[in-house]
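Report on the structure
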Amino acid sequence: MENDLLIAQMEDLELEQSTLFVQPKLLFTRPKVYVETTTNSKEGMPGFISLIETSNYEHILSWTPEAAIPGLDQDSYVDISSEGEHDSTRFVAPPRTPEALRSGSFHPSDYAVSVPLQSIYSLLVYPPRIKDRQGSIIINLNGGESLPAFYFHDDGLTKGKGLPGSPPTWGGQDLLNHLEQLVEVVGSAIEPGVYLVNASRADKINHGAASPSFPASSPPSSGVLDHPLREDSVAGGHESLYPDISSINQAGSIAAPALDAATITATGSITVEGMRRRRSLTENSRSNSPGAGHQQSASATGSPSISSPGLFSGRPRTPLPFENHIDPLVNTVKEMRWNILERFSQVARFSRDAATNILDHPITKQILPPHVQQRIQESEAAKRVMDDYDSARVYLAKWAATVADQSDKERREVQEMERLRKSSSGAGSHSAHGRSGRRINDYEDEEGPLGAFNVLDLETECTMIHHSRTDPLSPMDWFSFFDDQGRLKVSEAHVRELVFRGGIEHDIRIEVWKFFLNIYPWDSTEAERVALRASKAEEYYALKREWFDDTSVQEDEAFQEQKLRIEKDVHRTDRTISFFASETLPNFSGDFTGVGSNENLELLKDILLTYNIWAAKSPSERAASNDKTSKSLLSDASATEATSSSPVEPNLLEGYVQGMSDLLAPVFAVMGDEVMGFWAFVGLMEKTKKNFYRDQVGMQSQLETLCKMIRVLDPKLYKHLEKCEALNLFFCFRWLLIWFKREFEWVDIMRLWEVLFSDHLSTQFQLFVAMAILDKHRDIMIDHLQGFDEILKYVNDLSMTIDLEESLQNAEVLYRRLEHVADKIDTKRQEQTESSGNVADTTPEFPPALRKLLKATHLSTEMAK
Amino acid sequence: MASRKKVLLKVIILGESGVGKTSLMNQYVNKKFSNQYKATIGADFLTKEVLVDDRLVTMQIWDTAGQERFQSLGVAFYRGADCCVLVYDVNNAKSFETLESWRDEFLIQASPRGPENFPFVVIGNKIDMEESKRMISQKRAMAWCQSKGNIPYFETSAKEAINVEQAFQTIAKNALQQEVEVEIDFPDPIKIDSDTSKDFGCAC
């Protein structure tokens, strides 16, 4: 019986069907490859895995039970596998088709299987491990079927096929190496154990395996590649993309002659067929050789690839890609993945009642090639294993996020093109928030606080909201804002808005930040600022002397403890940033002997210790000292606030709290000197000090407000978090405590912080940034993460992967959206009150905590007037 | 059946800031050391699969912020813990002296069933430093551990990977024992929500 695939395959072949089963040639074989059976011993049934070439040059992968091979042929198999292939081309009986696997009879030969290489979709490679020495490969076919797992029992081999003295090659690796000579094998960057065979472009993109076939300069001819059965056209397609064949890695070009030699030896003469085959194989090995761009692009994208030895030549064991560890995070992720794969294989082993043992679980679907999912079967066993396996889910969630990100990007590109198209015809705008369509559905069955609102309307209207992000403020623009006395000609609100929208070019940060961090009054002249710098320096050094020159303070136990605490943290703050990296000074702090220090680290310590002195003073004391040092005091914002507002700050009296060093480092680095670094830090702490209050009330209220925001803007996410017992939002704690310092790279932190400094839309804009990041990942969280710990892990691991610009854009859109909801609710309540005279029962009030977030808008609009 | 269920052991590492909690966790799970781990903010965890008495279990090891200021977050992080690791720095007397309060605070916040039998393990870290810096003798630490119901005690160096494996083996073992006891006590996974403390969170 022929398999459908095989028939289709045959129809496509140029040569007559009748020649198909004439004396296939054995190109590669490996003995002691086991397949599980229902009747055999625990080990399963031993057999040979082989690569076979039919007389019409079709390549077939087959597995034949030992017991099913006729005596004569068996010798061929054994010879080839033990002697190497250089001088032997053997002819064997035609292999069986996958049909046999499902026949239900238990005759050994019924387990034999063979498939054309062109029908292979992917391989799942489980290399041998210390505990499980055999290792296995599962082969997935284009049609969605999978072959049974092949277990490579290398223990049974008396000697490896490698060069004398070299360690034996794992059979699976060997098979991969040989396969690679015949078809294109691409490692998935996302699933390093997964290898795609003659993958389509889409699959390559999905797997992050930047296709070797599509260098940036050549447009993909996917039409050609989408016909995997047409070997010639595949080869041709590749060749046209790689005109410069001479540059191809030698392994590829040597390979074909090596095979030809074998052909010649075996047949004694060069036949026409031999010539034809040589041509076709040469093309194949060129186009499929890792040298032909495959390896190159793989290393560029960080995706693994198999380095391939020459065709049929014995080589020392080539390291499998996952053995090249890159960094700890990647490692962790990889370990998790192996855990999952291991689990799959375990399950597959004990529920082998079908040839395909791929399990139907939501998360399974993420890991398997899409078409395989069709074949996925219910398995309670699998669910049991997977259900409480949190790290697997976290891993899969991450994987899903990368895929989603990719499609998100593509979607945005399409949108952008659409927008351009429309705008060229004079209409249209685009929304930064692309997920509004999804939201409409989310609201339909939710009883959100919006109650009877027509949310559909709201959603439709909200899609029209856009962000206003633009370029950073340039030095030229900045200097043009000042009159000849050096006083700002434009309004403070205007500057705030500009900085909110685009940030500041780095060169002028040192100056602009001083306005935002309350060092310079907005209406100061240049002369006043010069005077202020002097008085600020004086004031700072006076504060510093209070501990620096006073041995009694220094001997104080509490001071010592603070000092130790600060030293511990300073020495582990931003040490990768060159400003703090060097170890040019000895380290005098007790705790880190052996680790050097540098001037900037020492200054960080001094600033933090001095800040303790400053924070311990009551505002009136500060104002007094401020008065003393700067006689002609300007209407300094902080001083005004200090004298007028409540003098009590008992919360902060306890000094340094972890996280402060994270906040100080960037402002100090931007200011570049101790005095201004200190005052900039004071200014920043004015905005963030509530985060460090002993009773944590500042963090608590922010998290509560964020929670309310989620409830209003994304009821479905809210419900999910509720279900996960994650409404405390502790997974956002680090974000808010230190303003995302650990989540973004250094340069991004400066860009983010100046937006937060601006207070343009909201004085709590960090909450909208947090909301934007959650929003970006909300689908993943809802679909994949099922507990507080999983969400925490996922969110923690987002660190250094978040796109800042996108987050800021989305944060602004979310702000507008919230504003819109507030307006809607107010209007609705107003109408209801007017019509019924009764204060709206149906529409609850917009949460006051959220309304406060929106206040800044009105303030700044007022100020602008 | 309880034994067929996948076992997840939740382990919480507590102790003063800078005693090496993150380093111990990373040394154990990733076999790596760096003296520049940033101060932990909030909490994080790593998982590791281990064999304990021929049983494959997953350890979920929670690394927490060391400053007592952040202890109020503990409620969320400590819940369901199977073992608590108290870490101090043998060269820092204060970090030893605060062990007691870390232990008490843990018992209050995690409110485990049978607090008197809850498994703790004490680790004295940084034994790689020169002997002259040492502030807490082994004898003193062991005496304290004994007085607290024979808490197992280990002296380790996360930096040089001394004794880390052994300490975590014991941690895993004791955690598993705790987990098994809990399973026996409560064969049905009934959720008790009444005591979910709401220091933080959304009351909207």
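Procedures and definitions
Residues numbered from 1 in each chain as written. Chains lettered and ligands numbered in written order. Predicted model: local features only at pLDDT ≥ 70, side-chain atom pairs only at ≥ 80, totals over all residues. Heavy atoms only, no water. Helix = DSSP H or I, 4+ residues; strand = E, 2+ residues; numbered from the N terminus. Buried < 20%, exposed > 50% of the residue type's maximum accessible area, 1.4 Å probe, protein only. Contact = heavy atoms within 4.5 Å. Areas by Shrake-Rupley, 256 points an atom, 1.4 Å probe, with all protein chains shown as cover. Arc of directions from axis to C-beta. Pairing = 2+ DSSP bridges. Axes fitted to C-alpha atoms, helices over the stretch in contact; angles between N-to-C directions. Parallel < 35°, antiparallel > 145°, perpendicular 65-115°, else oblique. Nonpolar A, V, L, I, M, F, W, Y, C, P; charged D, E, K, R; others polar. Phe/Tyr/Trp six-rings, centres within 6.5 Å; stacked < 30°, edge-to-face > 60°. Lys NZ or Arg CZ within 6 Å of the ring centre and 35° of its normal. Core = buried A, V, L, I, M, F, W, Y, C linked by side-chain atoms within 4.5 Å. pLDDT = per-residue confidence, 0-100.

1. Considerations on the overall build of chain A
- If you tally the helices and strands in chain A, you get 36 helices and 10 strands.
- Taken over 865 residues, chain A has a buried fraction of 57%.
- Excluding contacts between residues fewer than 6 apart, the proportion of contacts in chain A whose partners are at least 24 apart in sequence is 68%.
- Carbon and sulfur atoms provide 53% of the accessible area of chain A, an area that totals close to 35,700 Å².

2. Points about helix H5 (residues 138-147) of chain B
Residues and elements named next belong to chain B.
- By the burial criterion, the buried members of H5 are Ala-141, Trp-144 and Cys-145. The buried side chains of H5 occupy one side of the element, clustering within an arc of 100° when seen end-on. Relative to its buried face, H5 has exposed residues pointing more than 90 degrees away, namely Lys-139, Gln-146 and Ser-147.
- Buried residues belonging to H5 abut strand E4 (83-89), helix H3 (93-97), helix H4 (99-110), strand E5 (120-125) and strand E6 (153-155).
- Once H5 ends, the next one or two residues include Gly-149, with phi positive near 90°.

3. Quick notes on the sheet that holds strand E1 (residues 8-14) of chain B
All names here are of chain B.
- In spatial order, the strands read E2-E3-E1-E4-E5-E6; together these 6 strands make up an open sheet with mixed pairing. The strands lining the two open edges of the sheet, one partner per strand, are strand E2 (43-52) and E6. Neighbour to neighbour, the strand axes of the sheet diverge by 25° on average, direction disregarded.
- Pairing of E2 with strand E3 (residues 55-64), which is carried by 10 bridges, proceeds in the antiparallel orientation. For Val-50, the partnering residue across the bridge sits in E3 and is Val-57.
- In the packing of H4 onto the sheet, the strands contacted are E1, E4 and E5, and the crossing angle to E4 comes to about 160°.

4. With respect to the packing of helix H33 (residues 765-784) of chain A against helix H35 (residues 804-836) of chain A
All names here are of chain A.
- Put simply, H33 and H35 touch, their axes get as near as 8 Å, and they point 105° apart. As the angle between them shows, H33 and H35 are arranged roughly perpendicular. Taken together, the residues of H35 that come into contact with H33 (itself represented by Phe-765, Phe-768, Val-769, Met-771, Ala-772, Ile-773, Asp-775 and Lys-776) are Glu-806, Ser-807, Leu-808, Asn-810, Ala-811, Glu-812, Leu-814, Tyr-815 and Leu-818.
- Residues of the contact of H33 with H35, tallied by class, amount to 11 nonpolar, 2 polar and 4 charged.

5. What about the packing of aromatic side chains?
Residues and elements named next belong to chain A.
- Following the criterion strictly, the structure yields 41 aromatic pairs over all chains and no others.
- Consider the rings of Phe-515 and Tyr-520, whose centres lie 5.3 Å apart with planes at 80°: the pair is edge-to-face.
- Overall, Phe-515 belongs to the buried group, its relative accessible area being 1%.
- For Tyr-520, a relative accessible area of 1% corresponds to the buried category.
- Residues Trp-547 and Phe-548 carry aromatic rings whose centres are separated by 5.3 Å and whose planes lie at 75° to one another, so their mutual orientation is edge-to-face.
- Among the aromatic residues, ring-to-ring pairing joins Trp-478, Phe-481, Phe-482, Phe-515, Phe-516, Tyr-520 and Trp-522 into one connected group.
- The residue whose ring lies beneath Arg-529 is Tyr-520, and the NZ or CZ to ring-centre distance is 5.6 Å.

6. Structural notes on the packing of helix H20 (residues 526-548) of chain A against helix H28 (residues 674-688) of chain A
All names here are of chain A.
- At a minimum axis separation of 9 Å, H20 and H28 run at an interaxial angle of 85°. Taken together, the axes of H20 and H28 lie roughly perpendicular to each other. Contact residues: Arg-533, Lys-536, Ala-537, Glu-539, Tyr-540, Tyr-541, Leu-543 and Lys-544 in H20; Glu-674, Val-675, Met-676, Phe-678 and Trp-679 in H28.
- In the contact of H20 with H28, the residues fall into 8 nonpolar, no polar and 5 charged.

7. Here's the deal with the nonpolar core
- Phe-681, Leu-706, Phe-731 and Phe-765 of chain A together with Phe-77 and Phe-106 of chain B are the most contacted members of the largest nonpolar core, which totals 161 residues.
- The residues contacting Phe-731 of chain A, other than those within four sequence positions of it, are Leu-721, Ala-726, Leu-774, Phe-788, Ile-791, Leu-792 and Val-795 of chain A.
- Counting residues in each nonpolar core, the second largest holds 30 residues, with Ile-49, Ile-120, Val-125 and Leu-179 of chain A among its members.

8. Brief notes about the confidence of the model for chain B
- Counting all residues, the mean pLDDT for chain B is 88, and 86% of those residues have values of 70 or more.
- A low-confidence stretch, residues 186-199 of chain B stays under pLDDT 50, and its non-local contacts, those more than four residues away or across chains, total 10 contacts.

9. Details of unusual backbone geometry
- Positive phi, normally seen in glycine, also occurs at Asp-574 of chain A, with a value near 50°.
- You can see Asp-574 of chain A is positioned in the loop between helix H22 (557-570) and helix H23 (578-581).
- Although it is not a glycine, Asp-53 of chain B adopts a positive phi angle of roughly 50°.

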